[in-house]
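# Secondary and tertiary structure notes
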Amino acid sequence: ALADLSPTAVHAQLTSAVALVIHLRRGLVAGVLGRHIGSVGVVTPTDSGRPRIVDALTAAPDPRQVEGHGLRSTLGPGWPRLCALLALPDETPGPPGLLGGDGIVAV
C-alpha cells in the first residue's frame with residue numbers, strides 16, 4: 001500500500017484529491033502528428049468507496065473535417081459533474097462557444 005496506508009485509505013485520498021483526469025492521445029489529427037486530448041473524465045467514488053472515472057467528454061477524429069482541429073467530442077454521463085466543477089450552469093449542453101445542435105460538439 002502507498003505509504004503504509006490501507007487500500008481504503010488510498011481510495012479515500014484519491015477521490016478527495018483528484019477531481020478530473022485528462023487522457024492524452026498521440027496520433028495524427030488534421031494532418032499533424034502530436035498529442036491531443038482523447039477524453040476528460042471526472043473522478044467519483046463507487047458505493048464501496050473505490051474511485052471510478054466517468055467520461056465527461058470524449059474526442060475522436062472527425063473524418064468530415066478537413067481544416068481545423070479534426071476532432072469531434074461527445075458528451076458523456078460525467079458532463080454534469082464537470083459542469084459543476086467548472087462552475088458552469090447545469091443545463092450547459094457542451095463547451096461554451098462550441099455547442100452543437102446534435103449533441104456532438106466540435107472542438
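Bear in mind that the values here come from a model prediction, so they are computed numbers and not experimental data.

### Overview of a nonpolar patch on the surface
A cluster of nonpolar side chains, Leu-20, Ile-22, Leu-24, Ile-37, Leu-85 and Leu-86, forms an exposed patch at the surface whose accessible area comes to about 500 Å². It is strand 1 (residues 20-29) that contributes the most residues to the nonpolar patch, 3 residues altogether. Here Leu-86 lies in the loop between helix 2 (79-85) and strand 5 (104-106).

### Notes on the confidence of the model for the chain
On average, the chain scores 76 in pLDDT, and the residues at 70 or more come to 69%. By mean pLDDT, the top-scoring element of the chain is helix 1 (residues 7-17) (90), and the lowest-scoring one is strand 5 (44). Segment residues 96-107: pLDDT under 50, and 23 contacts once partners within four positions in sequence are set aside and those in other chains are kept.

### A look at the environment of Leu-82
Positionally, Leu-82 belongs in helix 2. In this structure, the C-alpha to C-alpha distance between Leu-82 and Val-42, residues 40 residues apart in sequence, is 6.5 Å. Those residues in contact with Leu-82 that lie beyond four places of it in its chain are Leu-20, Val-40, Val-42 and Ala-56.

The rules behind these values
Sequence order as written defines the numbering, with residues in each chain counted from 1. Reporting of local features is limited, given that this is a predicted model, to residues whose pLDDT is at least 70; pairs of side-chain atoms are given and counted only at 80 or more, and all residues count toward the totals for whole chains, interfaces and linings. Excluded from the side-chain calculation are hydrogens and water; included are all heavy atoms of the structure. Patches were defined on residues exceeding 30% relative accessible area and lacking a salt bridge, with like-charge contacts within 9 Å and nonpolar side-chain contacts (Val, Leu, Ile, Met, Phe, Trp, Tyr) within 5 Å. Residue exposure ignores everything except the shown protein chains as possible cover, and the areas themselves are Shrake-Rupley values with a 1.4 Å probe. Within this document, salt bridges are pairs made up of a side-chain nitrogen of Lys or Arg and a carboxyl oxygen of Asp or Glu, the two lying within 4 Å of each other. Elements are defined by DSSP. Helices are runs of H or I of four residues or more, strands are runs of E of two residues or more, and each kind is numbered from the N terminus. On a range of 0 to 100, pLDDT expresses the predictor's confidence in each residue. In what follows, residue pairs with any heavy atoms lying within 4.5 Å of each other are defined as contacts.

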